[in-house]
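The chain contents come next:
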Amino acid sequence: KIQGRINSSGTYRAEWKSPTKGFGKVRIALTKGSFELLQPVLSLSAIDFDQIIFDLSINEQLELQQGKLKGTDINTTFEGSVNVMDSFQESRIRLSGLLEPKREFLQTHPLEAKMVKQYAKRFRKNSLPFKMGGTLSNPTFRFSR
């Protein structure tokens with residue numbers, strides 16, 4: 001479930017008889033919303049955001065570039081791809097990026113703060129590297145380089 005406002009600008013070209021087999025480049029901006037997670041991350045079952053911005057290249061797969069999420073509890077940068085299948089839910093996702101929990105979130109979530117501190121020590125930075133894979137209907141998330 002995703003809520004918010006979406007704005008986009010860019011171009012997309014396709015043949016009339018195959019509208020989904022085109023190509024293009026679009027800048028997507030989502031504002032003031034939230035999206036539910038199928039699996040909790042840092043005990044969050046949903047991410048509230050002020051803004052999500054990314055560039056989307058459309059060809060045989062969807063390429064997400066220069067992604068940024070400014071959220072209530074976390075900020076992230078990300079990039080990756082979605083290999084679109086006939087069943088959209090079975091489309092394969094591959095994202096990676098850096099996740100940075102906000103200080104206010106860590107102050108009110110001591111168990112998560114302890115875990116973040118351990119990961120920060122392991123990765124030697126405050127922003128935690130992550131990878132997301134699997135399918136849209138069954139995604140996987142892990143903190144990893």
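Residues numbered from 1 in each chain as written. Predicted model: local features only at pLDDT ≥ 70, side-chain atom pairs only at ≥ 80, totals over all residues. Heavy atoms only, no water.

**Let's talk about unusual backbone geometry**
Trans is the prevailing form of peptide bonds, just as negative phi is the prevailing case for residues other than glycine.
(1) Moving on: Unusually for a residue other than glycine, Ser43 sits at a positive phi of about 65°.
(2) Moving on: The topology assignment puts Ser43 in the loop between strand E2 (18-41) and strand E3 (44-58).
(3) Moving on: Residues other than glycine seldom take positive phi values, yet Arg124 does so here, at roughly 60°.
(4) Moving on: With respect to the secondary-structure elements, Arg124 resides in the loop between helix H2 (110-123) and strand E7 (128-134).
(5) Moving on: For Arg124, a relative accessible area of 75% gives the class exposed. (Helix = DSSP H or I, 4+ residues; strand = E, 2+ residues; numbered from the N terminus. Buried < 20%, exposed > 50% of the residue type's maximum accessible area, 1.4 Å probe, protein only.)

**Description of the nonpolar core**
(1) Moving on: Grouped together as the largest cluster of nonpolar side chains are 27 residues, with contacts concentrated most on Leu42, Ile52, Phe54, Leu64, Phe78, Leu99 and Phe143.
(2) Moving on: Elements represented by at least two residues in this core include exactly E2, E3, strand E4 (62-71), strand E5 (74-83), strand E6 (92-101), H2 and E7.
(3) Moving on: Residue contributions to this core peak at 7 residues, all from E3.
(4) Moving on: Once residues within four sequence positions are removed from consideration, Leu99 is found in contact with Val41, Leu42, Ile74, Asn75, Thr76, Asn126, Ser127, Leu128, Phe130, Phe141 and Phe143. (Core = buried A, V, L, I, M, F, W, Y, C linked by side-chain atoms within 4.5 Å. Contact = heavy atoms within 4.5 Å.)

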